[in-house]
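# Geometric and topological summary
Here is what each chain is made of, one letter per residue.
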Amino acid sequence: MYGMTTSKSIRLPALPLILALISLLFAFLFVVLTINGHYTFPLLVGFSVPAIFTAMGALTLGIATLRRKPSGTPYGFAMGGSLLGGFSLIFWIVKIPLMFVILLPAMSEASADPQIAASQKQMRIIIRQTKTFYSDFGRMPVQIEELVQEGYVQNAMLYDPRDTLKDVPSYRLLLREMPPQEAWSGTPVLEGRWPDVDGNRLLGYLDEHIGIIR
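Note that the structure is predicted; figures quoted are calculated from it, not measured.

### Here's the deal with the packing of aromatic side chains
- Within the structure shown, the criterion is met by five aromatic pairs.
- Relative to Trp 92, the ring of Phe 91 lies with its centre 5.0 Å away and its plane at 90°, an arrangement referred to as edge-to-face.
- By relative accessible area, which is 21% here, Phe 91 ends up partly exposed.
- For the pair Phe 133 and Tyr 152, a centre-to-centre distance of 5.5 Å together with 65° between the ring planes defines the contact as edge-to-face. With Phe 133 in helix α5 (residues 114-137) and Tyr 152 in the loop between α6 (145-149) and β1 (171-173), this pair connects stretches of sequence that are 19 residues apart.
- Overall, Phe 133 belongs to the buried group, its relative accessible area being 0%.
- The structure contains a cluster of three or more aromatic residues connected by ring pairs, namely Phe 133, Phe 137 and Tyr 152.

So, in structure tokens, the structure goes:
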């Protein structure tokens with residue numbers, strides 16, 4: 001088996017690098033989707049499993065080729081595939097436990113009510129755009145309507161789907177100063193005004209997870 005693996009790596013010198021780049025592509029796409037608020041176990045499994053296998057393949061083939069002490073282009077492909085494959089493996093080793101930390105609270109907070117789920121999605125977008133506003137202006141919005149005035153969100157985003165009147169924004173900003181990033185997971189920034197049947201209202205945090213206030 002070792003001889004077969006080594007022979008294959010020599011006949012296809014670019015294969016370790018190709019596998020490593022495929023693994024990194026999975027990682028890049030996964031990061032893009034999670035940045036946009038898509039936190040699901042199928043997404044995590046669907047991207048991490050092929051990414052890990054391609055990274056392991058890149059690392060295995062790269063090391064097998066390097067043991068034969070190649071020179072020139074084969075050496076560059078093997079070294080690049082080994083390094084990038086190892087980097088991808090480290091990414092997933094760190095990312096998978098982190099995603100479980102994010103996903104488990106998100107699942108416990110998930111609502112069967114599609115209107116509440118839609119409101120949670122709107123809150124995440126508002127929070128994300130509030131952080132962008134802060135990055136651009138160096139301050140928090142004075143009122144939530146300022147996000148609309150400056151073009152960060154559409155006016156419809158300010159109203160909870162359960163709000164039939166839509167006379168005042170359904171969400172309220174809670175911060176005047178931006179705390180350090182390490183405190184984001186425990187810092188609420190956006191409060192929903194509409195209670196559910198149990199009297200609970202939504203509370204959005206700077207790391208974009210949504211809790212409730214009783």
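### What to know about the nonpolar core
- Ile 126, Ile 144, Leu 147, Val 189 and Leu 190 are the most contacted members of the largest nonpolar core, which totals 23 residues.
- Looking at this core, the elements that each hand over two or more residues are α5, β1 and β2 (188-192).
- Ranked by residues supplied to this core, first place goes to α5 with five residues.
- If you look at the next biggest cluster of nonpolar residues, it comprises seven residues, including Ala 27, Leu 43, Ala 51 and Trp 92.

### Quick word on the pattern of salt bridges
- Across all of its chains, the model carries six salt bridges by this definition.
- Taking the shortest distance from any N to any O, the salt bridge between Arg 201 and Glu 191 comes out at 2.3 Å. Residue Arg 201 is located in strand β3 (residues 201-205), and its partner Glu 191 is located in strand β2; the two are separated by 10 residues in the primary sequence.
- For Arg 201, a relative accessible area of 25% translates into the label partly exposed.

### As for a nonpolar patch on the surface
- A cluster of nonpolar side chains, Leu 25, Phe 28, Leu 29 and Val 32, forms an exposed patch at the surface whose accessible area comes to about 360 Å².
- Checked against the element boundaries, Leu 25 lands in helix α2 (residues 15-35).

### Some words on the sheet that holds strand β4 (residues 210-213)
- Taking strand neighbours across the sheet as the criterion, the four strands line up as β1-β2-β3-β4 in an open arrangement whose pairing is antiparallel. Of all strands in the sheet, those with a lone pairing partner are β1 and β4, marking the two edges. Across the sheet, the axes of successive neighbouring strands diverge by a mean angle of 30°, strand direction being ignored.
- Here β2 runs beside β3; their pairing, made up of three bridges, is antiparallel. Within the sheet, the bridge partner assigned to Pro 188 lies in β3 and is Tyr 205.
- α5 rests against β1, β2, β3 and β4 of the sheet, and its axis sits at about 30° to β3.

### Side note on the confidence of the model for the protein chain
- Of the residues in the protein chain, 85% have a pLDDT of 70 or more, and the chain-wide mean is 84.
- Considering only residues more than four positions removed or in separate chains, one finds that residues 1-10, a stretch of pLDDT under 50, has 11 contacts.

### Quick look at the pairing of β4
- Here β3 runs beside β4; their pairing, made up of four bridges, is antiparallel. Its bridge partner lying in β4, Gly 204 is registered against Ile 210.
- Once β3 ends, the chain turns through four residues before running back antiparallel as β4, passing Glu 208 with a positive phi of about 80°.

### A closer look at the environment of Val 189
- Structurally, Val 189 can be placed in strand β2.
- Considering only alpha carbons, one finds Val 189 and Met 123, 66 residues apart in sequence, at a separation of 9.9 Å.
- Residues in contact with Val 189, not counting those within four places in the same chain, are Ile 127, Met 140, Arg 172, Leu 173, Leu 174, Leu 175, Gly 204, Tyr 205 and Leu 206.

### Points about the side chain of Arg 124
- For Arg 124, the position within the fold is in helix α5.
- Arg 124 sits in the buried class, given a relative accessible area of 16%.

Conventions we followed
Residues numbered from 1 in each chain as written. Predicted model: local features only at pLDDT ≥ 70, side-chain atom pairs only at ≥ 80, totals over all residues. Heavy atoms only, no water. Phe/Tyr/Trp six-rings, centres within 6.5 Å; stacked < 30°, edge-to-face > 60°. Buried < 20%, exposed > 50% of the residue type's maximum accessible area, 1.4 Å probe, protein only. Helix = DSSP H or I, 4+ residues; strand = E, 2+ residues; numbered from the N terminus. Core = buried A, V, L, I, M, F, W, Y, C linked by side-chain atoms within 4.5 Å. Salt bridge = Lys/Arg side-chain N within 4 Å of Asp/Glu carboxyl O. Patch = residues over 30% accessible without salt bridge, like charges linked within 9 Å, V, L, I, M, F, W, Y side chains within 5 Å. Areas by Shrake-Rupley, 256 points an atom, 1.4 Å probe, with all protein chains shown as cover. Pairing = 2+ DSSP bridges. Axes fitted to C-alpha atoms, helices over the stretch in contact; angles between N-to-C directions. Contact = heavy atoms within 4.5 Å. pLDDT = per-residue confidence, 0-100.

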